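Chain residues, written in single-letter form:
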Amino acid sequence: MPVRSDLPTGTVTFLFTDIEGSTQLVHSLGERYAAVLDEHHGILRNVWSSYGGVEVDTAGDAFFVAFAEAPAAVAAAAAAQVALEATPVRVRMGLHTGTPQLAESGYVGIDVHKAARIAGVAHGRQVLLSAATSELVDLQLRDLGAHRLKDLLAPEHLFQLGDEEFPTLKTRYVTNLPAEGNPIIGRSHEIAELVALVRDGNRLVTLTGAGGSGKTRLALNTAAELVERFPDGVWFVALSAVVDPGLVEPTIAQALDARAGLRDELRQKRLLLVLDNLEQILGAAPVVADLLAEAPGLVVLATSRERLALAAEREYPLAPLAIDDGSALFTERARRLVPSFEPDGIVDEIVRRLDGLPLAVELAAARVKVMTSQAILDRIGRSLDLLSGGGRDAPARQRTLRATIEWSHQLLSGEERELFRRLAVFPASFDLEATEEIVGASIDDLGALIEKSLVRFTESGRYFMLETIRTFAIERLEEGPGSGALREEHATWFARLAARLEPGLRDARQADVIGRLTLEQPNLRAALDTLHAADDPRLEATLAADCSYFWYLTGQLQEGLSRLRAAYERMHGREEVERGRAANGLALITFMTGDAKSSGRLAEEALTFCARHGDVPGILRALTGKLAAAESPGEARALASEQVDIARIAGERWYEALGLCNAGVSERQLGNLERSRELTLESLEVALEVGDVQIAVGSACNAAHAELLLGDLRAAKRRFGAAVALLAARPLPEMAIWCLDGLAAVAARDGDAEWGARLLGGAEQIVASTSYGHPDTRLELARTRAALEQTLGVERAAALRGEGAGFELAAVIDLALQEGSSARLI
């Protein structure tokens, strides 16, 4: 639906009208009401047309009209009231001027709602104007003072056209809610949920969250939605300056002007109390409980960084802003300082780095006058001092994020402060086991910080700090004693964890172990950094080696290359087995990135050290490195045969499967296709028995390649399809390349070349994104590309490959699964 071209734009004056007491009028006029309504419509439409008004919408007896000029709108309202005097209807009217947005559905924005609310509080034959409209007309208006309107936080100054006496306006909402200078952005879902909690009969709702998460603003906006529900008022009580629980009740009484006694005042009334900032006076919780018990019409909406722990309480933990809402908040605040500010992807990353914490986002946006978005992003995390410069009208503790977090920190006990600073040793999320063994904290200790909104708990059973809070905790950690020893303890613990998990990368636990190591990756990186700075390089080499297969499986080749090279170089000149393990890991990664010569040298060195120390798995792994870098298929076949023999003697079934797969590849390169197929299918059986999807898919792909070369396209396509189906739940990058290229190679020959070109583009994108340089696979990709170009033409093939390259890994696997996914591997 196109945007209406006849509607005024820019500064627009809205006029809303409706008939007062229309239901009673229907009953009194009976069948005549339809004629009266038609006459009403005709009169008003003639007036609107005469004064240049554009009818935006009509519903029943109500009109919504827009005018380009405020004087014309006011004159139209006056003329309409005169024209309606001879009719039995009494029409109320409200006008407001603003600069609304124009959308397909018409006008949108707060100005539309404000005009409608102004009309809603008028009486029949009364015309009300907002302050904005009154300033644009040269007329004597009757000043009716400031009034609260439904759904609007700030009072609205209203004026009446003419001197006629009317009853008091229908603004019955008694409240002292403070007006907010800035609108709330996002949070509509949270407001709706909080309103529903109150409407469902919860009499004590506590909004909890970290400092700067926007609890107060959300509570104010929620309360504004509820003003109509409480005939005796909605009252805001600021408690941030109160530290004595005994002063809470007098402070509430003062806010309500309850001179005869607060409890007597509340006992007979239905009202909502917004108690803001209760965290520093949780000892006042019994007072709140007593007030609720003695005043059945009282409802309390509280904000606190931890719950009050009362039986009647319903806690509502406040989550950070979504990225889109956080970016909208940043942009809105930035444009108040730099009207021309335009957001980009950097703003999203700023919001992400600030954990969607509204105060932090606003304080960061305040820097746009002196810094670019990139400069703001670069400095976030170095120091909380960047996040300062809040408005002078904000509470002192909210003018900088540091002060806000310090406010929470001061409320902790000595033991809680010590735990808080020690938890900064975790760079991201952590689990209970790590917390207990590294930091010495119990579940109850963690619970205390969770209650105070300084630590969060995820559904997956892990804990984390918001990054802005952790930055503060790091400062405390570095200032206190023993930070170096704690970091070393953290590194040692995670090195042991990696060693414990590493074998699971080669069996049926593979998916679970990849998932766990992915969660722990920030901790593993921090551990490697700590160990690299330590005196003894052996543990660094051990941890890097234990992570090497994980980096390979997940396609993180550049990180693996950097970490393993650093660890290996520190082991230079040392004779420990850890040198051989580091060399083995580095050999794997260097080969996968295309450096076969270095890989072969490293594998030879690893073999020497592992043999010297009797490390059989290390020997088997080194043989893989040597045969991968072998100069001829015959040499590779001999090494693969040796690998299979040693694995069988040692009972290393995983290495047996790997050796059989390597042997099958060698036979294919030698042209022995049936033997290649036989060996790789045997490898597949062992891999499925062991539970390693990586080798199972690799073996299936090698068997399918042999079938493709034998001319059995149907068998090859079925087997590639069955292999790619295994990747649907576990998209391993290297195996995805093999499967996608194999299916594309079949498609180039069986008539579905366009599908195949998209798959090849997906495979090429994985290669590019992972720095994958396996020479044999790159050769296969080039052959497949040439076959597709021969079928489709170079330009068409390139365009389709480009489409495939735009897919995420999971999406291109889904594309591959369109055919052949129900086939069996064997």
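What this report covers is the structure whose coordinates are included nearby.

What counts and what doesn't
- Residues numbered from 1 in each chain as written.
- Predicted model: local features only at pLDDT ≥ 70, side-chain atom pairs only at ≥ 80, totals over all residues.
- Heavy atoms only, no water.
- Helix = DSSP H or I, 4+ residues; strand = E, 2+ residues; numbered from the N terminus.
- Buried < 20%, exposed > 50% of the residue type's maximum accessible area, 1.4 Å probe, protein only.
- Phe/Tyr/Trp six-rings, centres within 6.5 Å; stacked < 30°, edge-to-face > 60°.
- Lys NZ or Arg CZ within 6 Å of the ring centre and 35° of its normal.
- Pairing = 2+ DSSP bridges.
- Contact = heavy atoms within 4.5 Å.
- Disulfide = S-S within 2.5 Å.
- Axes fitted to C-alpha atoms, helices over the stretch in contact; angles between N-to-C directions.
- Parallel < 35°, antiparallel > 145°, perpendicular 65-115°, else oblique.
- Left-handed = near helix turned anticlockwise from the far one by under 90°.
- Nonpolar A, V, L, I, M, F, W, Y, C, P; charged D, E, K, R; others polar.
- Salt bridge = Lys/Arg side-chain N within 4 Å of Asp/Glu carboxyl O.
- Expected span 1.5 Å × (residues − 1).
- Arc of directions from axis to C-beta.

### Examining the side chain of Glu502
In this fold, Glu502 is placed in the loop between α20 (483-501) and α21 (510-519). With relative accessibility at 10%, the residue Glu502 sits in the buried group.

### Comments concerning the packing of aromatic side chains
Inspection of every chain in the model, using the stated rule, returns 15 aromatic pairs. For the ring pair Trp48 and Phe63, a centre distance of 6.1 Å and an interplane angle of 70° mean the geometry is edge-to-face. Of this pair, Trp48 sits in helix α2 (residues 33-50) while Phe63 is found in strand β3 (residues 62-67), placing the two residues 15 residues apart along the sequence. A relative accessible area of 2% places Trp48 in the buried class. According to the relative accessible area criterion, Phe63 is buried, its value standing at 1%. Pairing Phe64 with Tyr107 gives two aromatic rings, centres 6.4 Å apart and planes at 55°, and the pair type is tilted. Placement of Phe64 in strand β3 and of Tyr107 in strand β6 (residues 106-108) is noted, with a sequence separation of 43 residues between them. There is no split in this pair, since Phe64 and Tyr107 are both buried. By way of ring pairs, the aromatic residues Phe14, Phe16, Phe64 and Tyr107 are connected into one cluster. Residue placement shows Arg476 over the ring face of Phe472; its charged tip is 4.3 Å from the ring centre.

### Things to note about the pairing of strand β12 (residues 271-276)
In terms of residue burial, β12 counts as a mostly covered element, since six of its six residues are buried. Two elements, strand β11 (residues 234-238) and β12, share five bridges in a ladder whose sense is parallel. Bridging from a neighbouring strand, Trp235 pairs with Leu273 of β12. Both β12 and strand β13 (residues 298-304) contribute to a ladder of five bridges, which runs parallel. For Leu271, the partnering residue across the bridge sits in β13 and is Leu298.

### Focus: the side chain of Thr17
In this structure, Thr17 sits in strand β1 (residues 12-19). Taking the relative accessible area as the measure of exposure, Thr17 reaches 3% and is therefore buried. Non-local contacts of Thr17, meaning those with residues more than four positions away in its chain, are made with Leu44, Trp48, Asp61, Ala62, Phe63, Val91, Arg92 and Met93.

### What about the environment of Glu569?
By the element assignment, Glu569 lies in helix α24 (residues 557-570). For the pair Glu569 and Pro537, spaced 32 residues apart in sequence, the C-alpha to C-alpha distance is 9.5 Å.

### Points about the state of the cysteines
This structure, assessed with the given rule, holds zero disulfides. In this structure Cys661 is not part of a disulfide, and its nearest cysteine sulfur, from Cys701, lies 9.2 Å away. On the basis of relative accessible area, Cys661 is assigned to the buried category, the value being 8%.

### Some details on the sheet that holds β1
Taking strand neighbours across the sheet as the criterion, the seven strands line up as β2-β3-β1-β4-β7-β9-β8 in an open arrangement whose pairing is mixed. One side of each edge strand has no neighbouring strand; the edge strands of this open sheet are β2 (54-59) and β8 (141-147). Each strand of the sheet is rotated relative to its neighbour by a mean of 20°, with strand direction disregarded. Pairing of strand β7 (residues 127-130) with strand β9 (residues 156-161) involves three bridges; the strand directions are antiparallel.

### Some words on the packing of helix α22 (residues 521-533) against helix α23 (residues 538-553)
One way to put it is that α22 packs onto α23 with a least axis distance of 9 Å and a crossing angle of 150°. Regarding the angle of α22 to α23, the classification is roughly antiparallel. Crossing hand, α22 versus α23: left-handed. Note on element contacts: α23 touches α22 through Leu539, Glu540, Leu543, Ala544, Cys547, Phe550 and Trp551, opposite Gln521, Leu524, Ala527, Leu528, Leu531 and His532. Taken together, the residues that form the contact of α22 with α23 break down as ten nonpolar, two polar and one charged.

### Here we look at the sheet that holds strand β14 (residues 313-317)
As summarised here, the arrangement of the five strands in space is β11-β12-β13-β10-β14, forming an open sheet in which the pairing is parallel. Every other strand in the sheet has two partners, leaving β11 and β14 as the edge strands with one partner each. Taken over all neighbouring pairs, the strand axes of this sheet differ in orientation by 20° on average, direction set aside. By the bridge criterion, five bridges tie strand β10 (residues 204-208) to β14 in an arrangement that is parallel. Pairing of Leu204 across the sheet is with Glu313, part of β14. Packing of helix α6 (residues 188-199) onto the sheet brings it into contact with β10, β13 and β14, and relative to β14 it is tilted by some 175°.

### Things to note about the pattern of salt bridges
This structure, assessed with the given rule, holds 55 salt bridges. The partner of Glu55 in a salt bridge is Arg45, and the shortest N-O contact between them spans 2.9 Å. Here the residue Glu55 occupies a position in strand β2, and Arg45 occupies one in helix α2, the gap between them amounting to ten residues. Under the relative-accessibility criterion, Arg45 is labelled partly exposed at 37%.

### Describing helix α35 (residues 775-792)
In a regular helix each residue adds 1.5 Å, so 18 residues correspond to 26 Å; α35 covers 26 Å between its end C-alpha atoms and thus fits that length. Of all the residues in α35, the buried ones are Thr777, Leu781, Thr784 and Leu788. For α35, the buried positions fall inside an angular range of 65° around the axis, keeping them on one side. In α35, the exposed positions angled more than 90 degrees off the buried face are occupied by Arg783 and Gln790. As for α35, its buried residues are in contact with α33 (733-750), α34 (753-770) and α36 (794-805).

### Quick notes on α23
Helix length check: α23 (16 residues) gives 24 Å between terminal C-alpha atoms against 22 Å at 1.5 Å per residue, within 8%. Among the 16 residues that make up α23, 14 are buried, leaving the element largely enclosed by the rest of the structure. Backbone geometry just downstream of α23 places Gly555 in the positive-phi region, at approximately 75°.

### So, the environment of Gly580
Counting through the fold element by element, Gly580 comes out in helix α25 (residues 577-592). Overall, Gly580 belongs to the buried group, its relative accessible area being 0%. Linking Gly580 and Ala622, residues 42 residues apart in sequence, is a C-alpha distance of 8.9 Å. Apart from residues no more than four positions distant in its own chain, Gly580 is found in contact with Ala606, Phe609 and Cys610.

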